[in-house]
Amino acid sequence: MTTAQTQELDVQPTPLALLLLGREADPRSERGVECPGDLPSPSDPDLVARARAAKEKLGDKVFVLGHHYQRDEVIQFADVTGDSFKLARDAAARPEAEYIVFCGVHFMAESADILTSDDQKVVLPDLAAGCSMADMATAEQVAECWDVLTEAGIAEQVVPVSYMNSSADIKAFTGKHGGTICTSSNAERALNWAFEQGEKVLFLPDQHLGRNTAVRDLGMSLEDCVVYNPHRPNGGLTVEELRAAKMILWRGHCSVHGRFSLDSVNDVRERIPGVNVLVHPECKHEVVAAADYVGSTEYIIKALEAAPAGSKWAIGTELNLVRRLANRFAAEDKEIVFLDKTVCFCSTMNRIDLPHLVWTLESLAEGTLVNRIEVDRETEAFAKLALERMLALP
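Let me begin by describing the structure that accompanies this report.

Here is what the cut-offs are and how they apply
Residues numbered from 1 in each chain as written. Predicted model: local features only at pLDDT ≥ 70, side-chain atom pairs only at ≥ 80, totals over all residues. Heavy atoms only, no water. Core = buried A, V, L, I, M, F, W, Y, C linked by side-chain atoms within 4.5 Å. Buried < 20%, exposed > 50% of the residue type's maximum accessible area, 1.4 Å probe, protein only. Helix = DSSP H or I, 4+ residues; strand = E, 2+ residues; numbered from the N terminus. Contact = heavy atoms within 4.5 Å. Pairing = 2+ DSSP bridges. Axes fitted to C-alpha atoms, helices over the stretch in contact; angles between N-to-C directions. Left-handed = near helix turned anticlockwise from the far one by under 90°. Nonpolar A, V, L, I, M, F, W, Y, C, P; charged D, E, K, R; others polar. Lys, Arg positive; Asp, Glu negative; His and termini not counted. Salt bridge = Lys/Arg side-chain N within 4 Å of Asp/Glu carboxyl O. Polar contact = N/O pair within 3.5 Å; in protein donor to acceptor, adjacent residues only side chain to side chain. Phe/Tyr/Trp six-rings, centres within 6.5 Å; stacked < 30°, edge-to-face > 60°. Lys NZ or Arg CZ within 6 Å of the ring centre and 35° of its normal.

Val 101, Phe 203, Met 247, Val 279, Ile 336 and Leu 361 are the most contacted members of the largest nonpolar core, which has 110 residues in total. Ranked by residue count, the leading element in this core is helix 15 (residues 354-365), at 7 residues. Excluding residues that lie within four positions of it along the chain, Phe 203 makes contacts with Val 161, Cys 182, Leu 191, Leu 209, Gly 210, Met 247, Ile 248, Leu 249 and Trp 250.

This is the structure we're talking about:
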């Protein structure tokens, strides 16, 4: 599959000078967390003016999508904001837009390309804006996993359910093998559907969302879940363990949500008496079990909108969103803090900054197509099948 068509003469890749890297790793959290400290100062007014001018010149030809985890300096230019699936559907609802500029990460832009028309071109301002979770499950690894399940004699009983935060390849695998996609909002419905189709679920690629949904929402036990490690022979599991399991969880996780710990919850409760702990279901099971409220990004936003004045909240999700919500509700006397003491942004999401966005918009305004994300036809067909199954969920 070719996801970024940079070989064509009219498509240019991101200049090397725009590729920014995080600085420090956090040894206490799960693999892949980058904690670069505070973000650089807001971009200078010239860049803001240039972005406005380029966007105005493009007019209805461009539609800018902004994920909730983006920086404020980028979000201000988004035509719509939301989570990854909402944004992909919003793009599909704007067929008059020739260019879809997705301020998010790679798998999100792929989903937008799958759902939009062939005439629309999806652009990612920085091709290096990936997702560590999505990268933890490759097509080759998942195909090998399916071989292991086949050899164990259980593949026919297994229905794959893949989180939206996965590559187009994994979505296509899911569609080809009779499975469905889920979001953090509808994971319970997706799993209920899957267990009506088969006896077991292979949940990709986030083990925490799969475990939390199975145990917290469906009433399963932790013993019903096993973790398949693609870096170990047979996933590190015996045939007996695979046959006994109801949930086969892929060993993947979100690098940001994975850093929250039970200590984080206990510490914030000591520091802020009466605080409500609200976390995303991508957090570890012990964190979710200790929280007061658990839900998707949209759930978090709506919960804070409905919260009474004077209430106190510790939020376990990406810091850009937490800061934006804290500023938004400060006037209503709602105290909103980041769950963990350590400042930790999503380093790949933050690769989409104002310089990248300005370069993208100005290039498009000049007639130069840059950083196009394009999913090949076969992959798109099977991935769309899996997405359509999700849309048809009861």
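Take unusual backbone geometry next. Each neighbour pair has its own omega, and for Leu 204 with Pro 205 the value is -20°, a cis peptide bond. Tracing the sequence through the fold places Pro 205 in the loop between strand 8 (200-204) and helix 9 (207-217). Non-glycine residue Asn 234 carries a positive phi angle of around 55°. Here Asn 234 shows up in the loop between strand 9 (225-228) and helix 10 (239-244). A positive phi angle, near 50°, is found at Asn 371, a position not held by glycine. Here Asn 371 is to be found in the loop between strand 15 (369-370) and strand 16 (372-373).

Read across the sheet, 5 strands follow the order 7-6-8-10-9 without closing on themselves; strand pairing throughout is parallel. Where the open sheet ends on each side, the last strands, each with one partner, are strand 7 (180-182) and strand 9. When the angles between neighbouring strand axes are averaged without regard to direction, this sheet yields 25°. Of the strands in this sheet, strand 6 (158-163), strand 7, strand 8 and strand 10 (247-250) are in contact with helix 8 (residues 187-197), which crosses strand 6 at around 165°. On top of the sheet, helix 9 reaches strand 6, strand 7, strand 8, strand 9 and strand 10; it is set at about 155° to strand 10, its chief contact.

Two strands in a sheet stick together by hydrogen bonds in their backbones, pointing the same way (parallel) or opposite ways (antiparallel). Spatial strand order, 3-2-4-5-16: 5 strands in an open sheet with mixed pairing. Here the strands that pair on one side only, and so sit at the sheet edges, are strand 3 (80-82) and strand 16. Here 2 bridges tie strand 5 (residues 121-123) to strand 16, and the two strands are oriented antiparallel to one another. Within strand 16, the position partnered with Val 122 by the bridge is Ile 373. Running over the sheet, helix 15 touches strand 2 (62-67), strand 4 (99-103) and strand 5 and is turned about 175° from strand 4.

The interhelical angle for the contact between helix 3 (residues 84-92) and helix 4 (residues 106-115), taken along N-to-C directions, is 35°, at an axis separation of 8 Å. The two elements helix 3 and helix 4 meet at a crossing, and its hand is right-handed. Taken together, the residues of helix 4 that come into contact with helix 3 (itself represented by Ser 84, Phe 85, Ala 88, Arg 89 and Ala 92) are Phe 107, Met 108, Ser 111, Ala 112 and Leu 115. Of the residues contributing to the contact of helix 3 with helix 4, the split by class is 7 nonpolar, 2 polar and 1 charged.

Attention now goes to the side chain of Glu 282. Along the chain, Glu 282 turns up in the loop between strand 11 (276-279) and helix 12 (285-290). No salt bridge is formed by the buried Glu 282, whose closest oppositely charged neighbour, Lys 171, lies at an N-O distance of 12 Å. There is a polar contact of 2.9 Å between the side chain of Glu 282 and the side chain of His 257. Excluding residues that lie within four positions of it along the chain, Glu 282 makes contacts with Met 133, Tyr 163, Asn 165, Asp 206, His 208, Cys 254 and His 257.

For the rest of this paragraph, the subject is the environment of Val 74. Checked against the element boundaries, Val 74 lands in helix 2 (residues 72-75). Classification of Val 74 by relative accessible area gives buried; the value is 0%. Along the backbone, Val 74 and Asp 353 are 279 residues apart, and their C-alpha atoms lie at a distance of 6.2 Å. In contact with Val 74, other than residues within four places in its own chain, are Cys 103, Ile 352, Asp 353, Leu 354 and Leu 357.

This paragraph deals with helix 14 (residues 319-329). Burial analysis of helix 14 places 8 of its 11 residues in the buried class, the great majority of the element. Those residues of helix 14 that fall on the buried side of the exposure criterion are Leu 319, Asn 320, Leu 321, Val 322, Arg 324, Leu 325, Ala 326 and Phe 329. For helix 14, the secondary structure elements touched by its buried residues are helix 2, helix 13 (297-306), strand 13 (312-316) and strand 14 (335-338). Here helix 14 starts with a cap whose side-chain oxygen sits 2.7 Å from the backbone nitrogen of Asn 320, and that cap is Glu 318.

One can find Lys 121 in strand 5. Sequence separation of Lys 121 and Leu 369 is 248 residues, and the distance between their C-alpha atoms is 8.7 Å. Excluding residues that lie within four positions of it along the chain, Lys 121 makes contacts with Glu 98, Tyr 99, Ile 100, Leu 369 and Arg 372.

For a regular strand, side chains alternate in direction, first toward one face of the sheet and then toward the other. Of all 5 residues in strand 8, 5 are buried; the element is thus mostly enclosed. Across the two faces of strand 8 the burial is the same, with Lys 200, Leu 202 and Leu 204 and Val 201 and Phe 203 all buried. Examined bridge by bridge, strand 6 and strand 8 share 5 bridges and lie parallel to one another. Bridging from a neighbouring strand, Ser 162 pairs with Leu 204 of strand 8.

Inspection of the entire model under this criterion finds 4 aromatic pairs. Ring geometry for Trp 146 versus Phe 173: centroids 5.6 Å apart, planes at 80°, classification edge-to-face. Here Trp 146, found in helix 6 (residues 139-151), pairs with Phe 173, found in helix 7 (residues 168-176); they are 27 residues apart in sequence, far enough to count as distant. Overall, the relative accessible area of 13% leaves Trp 146 in the buried class. Here Phe 173 falls in the buried class, since its relative accessible area comes to 12%. Lying across the ring of Phe 382, Lys 176 places its NZ or CZ 4.9 Å from the centre.

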